[in-house]
Amino acid sequence: MNTDNELLIKLDALISNWEDETVEFKEANNDYDKDKIGRYFSALSNEANLRNVQCGWLIFGIKEKGKKIVGTNYREKKGLDTLKHEISLQTTGGISFVEIYEVEKEGKRIIMFQIPAAIAGIPTGWKDQYYAREGDSLVPLSLEKMDRIRQQSNRDWSKLFVKGATIQHLNKDAISLARNNYKEKMQKPHISQEIDSMSDEEFLTKMKLIQNGHITNACMLLLGNEDYDYLFDYTPEAAWRLYDSKSNIKDYEIFKIPFITLSDRIFSRIRNLTYRYMPNQLTLFPLETKQYDMWLLRELMNNCIAHSNYALGGRINVDEEEDQITLRNPGSFLPGSIEVALQKNYTPPFYRNQLLAETMMKFNMIDTQSMGIRKVYKIQQEKYFPMPDYNLSVGNQVGVTVYGKVLDENYTKLLFEHSEFDIQTVFLIDQVQKHHTITNEQVKYLRKLQVIEGRMPNIYLSANIAKTLEQKEQYVKNKGFDDEYYRNLIVKYLQKYESGTRENFRILLMDKLPDNLDEKQKENKIRNLLYSLKRKGVVQCLNKNSINSIWILVNNKI
């Protein structure tokens, strides 16, 4: 549902049918209680599940009495994006809106909140309370309805049948590629002979992509003919976008099924330039490497295919910038956090699309032994490049950014000198170079390794790895000088000019204070230096106005 026309058609249909248990209209002139939105989110999500529809709708800008279009001033675009995150913080499993649409009808602004149906077997709650609809009333979810949802088994979307699809709706070249990939994966002559002797239908039945003569979603997704993608409830798509340095889109392309070739088609558009860098000053020649490892990108792309929540709609997005690529797919991150996924013995509790994941493994597209993400991080480590960044802050979306250049030379040289560091350690060091927050326990661990210095939150790489001239200069800038040095500068200033204001000392000291202090921290540092001199009887403040105070020297000895 990507165009205003499609949205208006949908809105008219909702108004014509008026309120049922999966739709709610509200006037919401200027504001609306977020807690009420959360309760309606829970109720409409649960009712959508019970009525076997993919989503419910909450509509703002329509008066309940008389179905009158009144419009709404509730939050602008930025505020609506923030609402998605706010709702995900209090819902079961962190789910949020599929999308929030703004349309204009009769010259009035209407907001359409698309709410996903509750996951099979898991009622949707808001602040640990569960809601439903009874007619047009919002009520607690009854035990009977809760049991009906909880008794549902986890439905594998990829195993469901595509209504009306036959083998004639598949792509012959894609099937041929699947055959070859499977034979290469198995690497056994007798299996190759068996596959060669099979018809397409027999081969796909063996792969469980055709079951009882029916085409599964997994089959249509991987091997379908794009002319028949309308057979899906939501058309699977992927998009590649190229951005310039000012974040303007320079080029783009939309990709359809079959997804067995999606990675190759998208990556044929990506500029993978040669990158030269010096991992250590002891090396005579710079290293040359491609910005991106293609196995790494292919693994992440195929993970997007395998783990997308296709019932939510949406598309897989690949955004290419000058020195990084970000991949996004609809759905939640099953491990919960990247730290969990990087653990050596991690095994996912389940696969969202079990049949699809198993088939992609057979076709040599992904690693289903839960080692793919660890290998992705290991590749970046061996290149001395930054670790990928996973963004899980947006509800029902997983984003991962891969960097195609060095961000901090100190980090690169540290990895070069310490190849023995495991992935978890490198991950923490990467967090430091990106100025991300880490826990006190993690700080203690890195201090024990003698790779960081500084006080929280202004930690930085330690001098014991700053062996080159450039690193030593940056280390001094971060560490700064001791307080005696700054106090002497203040005294020398007052000896020469007899008096000074806070602004005078600000100009004197600002560019000499450590680089890892922000503006406010530097201001506080200057204030503390002045008061330490005052306590020692070296300087005196002539008035109590802290902003325009005048300071004079009363004793030359510090």
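Remember, predicted model here, so these are calculated numbers, not experimental data.

Glancing now at the nonpolar core. Core analysis: the biggest nonpolar cluster contains 89 residues, and L223, M301, F363 and Y377 have the highest contact counts within it. Of all the elements, helix 10 (residues 294–307) adds the most residues to this core, at 7 residues. In this structure, M301 is in contact with L262, S263, I266, F267, I316, V318 and L327, ignoring residues within four places of it in sequence.

A separate point is the sheet that holds strand 5 (residues 99–105). The 4 strands lie next to each other as 1-2-6-5, forming an open sheet whose pairing is mixed. In this open sheet, the two edge strands, each paired with only one partner strand, are strand 1 (23–26) and strand 5. Shown here is a sheet whose adjacent strand axes are inclined to one another by a mean of 20°, direction ignored. Inspection of the sheet shows strand 2 (residues 55–60) paired to strand 6 (residues 108–116) by 6 bridges, in the antiparallel sense. What sits directly across from C55, in strand 6, is P116. In the packing of helix 1 (residues 4–17) onto the sheet, the strands contacted are strand 1, strand 2, strand 5 and strand 6, and the crossing angle to strand 5 comes to about 85°. With respect to the sheet, helix 2 (residues 34–50) is in contact with strand 1, strand 2 and strand 6, its orientation differing from that of strand 2 by roughly 145°.

Before going further, it helps to spend a moment on the environment of L14. On the secondary structure map, L14 appears in helix 1. Measuring from C-alpha to C-alpha, the distance between L14 and Y131 comes to 21 Å, with 117 residues separating the pair along the chain. The contacts of L14, once residues within four sequence positions are left out, are V23, F25, W57, I59 and M112.

A few words on the packing of helix 18 (residues 483–497) against helix 19 (residues 502–509). Any two packed helices are characterised by how steeply their axes cross, that is the angle between the axes, and by the distance between the axes. Running from amino to carboxyl end, helix 18 crosses helix 19 at an angle of 125°, the nearest separation of the two axes being 11 Å. As judged from the angle between their axes, helix 18 and helix 19 are oblique. The handedness of the crossing between helix 18 and helix 19 comes out as right-handed. In this structure, helix 18 contributes Y486, L489, I490, Y493 and L494 to the contact, and helix 19 contributes N504, F505, L508 and L509. For the contact of helix 18 with helix 19, the per-class residue count stands at 8 nonpolar, 1 polar and no charged.

Further remarks concern the pairing of strand 17 (residues 324–330). In terms of residue burial, strand 17 counts as a mostly covered element, since 6 of its 7 residues are buried. Pairing analysis gives 4 bridges linking strand 16 (residues 316–320) to strand 17, with the strands arranged antiparallel. Within strand 17, the residue paired with N317 across the bridge is R328. Where strand 16 folds back on strand 17, the antiparallel hairpin that results is connected by 3 residues. Bridge count between strand 17 and strand 19 (residues 397–403): 7 bridges; the pairing is antiparallel.

Turning our attention to the packing of aromatic side chains. Scanning the model with the defined rule gives 21 aromatic pairs in all. Taking 5.3 Å as the distance between ring centres and 90° as the angle between the ring planes, the aromatic pair formed by F60 and Y74 counts as edge-to-face. Taken together, the residues span a long stretch of sequence, with F60 in strand 2 and Y74 in the loop between strand 4 (68–69) and helix 3 (77–88) at a distance of 14 residues. Y74 gets classed as buried once you look at its relative accessible area, which sits at 1%. Between Y275 and F385, the aromatic rings sit 5.6 Å apart at their centres with planes inclined by 90°, giving edge-to-face as the arrangement.

As enumerated under the stated definition, the model contains 37 salt bridges in all. A salt bridge links D35 to K127; the nearest nitrogen and oxygen atoms lie 3.1 Å apart. Separated by 92 residues along the polypeptide, D35 in helix 2 and K127 in the loop between strand 7 (125–126) and strand 8 (129–134) bring together distant segments of the chain. For D35, a relative accessible area of 21% translates into the label partly exposed. A residue is classified by how much of its surface remains accessible, and K127, at 42% relative accessible area, is partly exposed. When the shortest N-O distance is used, the salt bridge between K512 and D511 registers 3.4 Å.

Quick look at the sheet that holds strand 9 (residues 137–140) now. Read across the sheet, 3 strands follow the order 7-8-9 without closing on themselves; strand pairing throughout is antiparallel. Since the sheet does not close on itself, it has two edges, and those belong to strand 7 and strand 9, each with one partner. As judged from the 4 bridges shared by strand 8 and strand 9, these two strands associate in the antiparallel manner. For E134, the partnering residue across the bridge sits in strand 9 and is S137. Lying on the sheet, helix 2 is in contact with strand 7, strand 8 and strand 9; it crosses strand 8 at an angle near 70°.

Scoring rules and cut-offs
- Residues numbered from 1 in each chain as written.
- Predicted model: local features only at pLDDT ≥ 70, side-chain atom pairs only at ≥ 80, totals over all residues.
- Heavy atoms only, no water.
- Core = buried A, V, L, I, M, F, W, Y, C linked by side-chain atoms within 4.5 Å.
- Buried < 20%, exposed > 50% of the residue type's maximum accessible area, 1.4 Å probe, protein only.
- Helix = DSSP H or I, 4+ residues; strand = E, 2+ residues; numbered from the N terminus.
- Contact = heavy atoms within 4.5 Å.
- Pairing = 2+ DSSP bridges.
- Axes fitted to C-alpha atoms, helices over the stretch in contact; angles between N-to-C directions.
- Parallel < 35°, antiparallel > 145°, perpendicular 65-115°, else oblique.
- Left-handed = near helix turned anticlockwise from the far one by under 90°.
- Nonpolar A, V, L, I, M, F, W, Y, C, P; charged D, E, K, R; others polar.
- Phe/Tyr/Trp six-rings, centres within 6.5 Å; stacked < 30°, edge-to-face > 60°.
- Salt bridge = Lys/Arg side-chain N within 4 Å of Asp/Glu carboxyl O.

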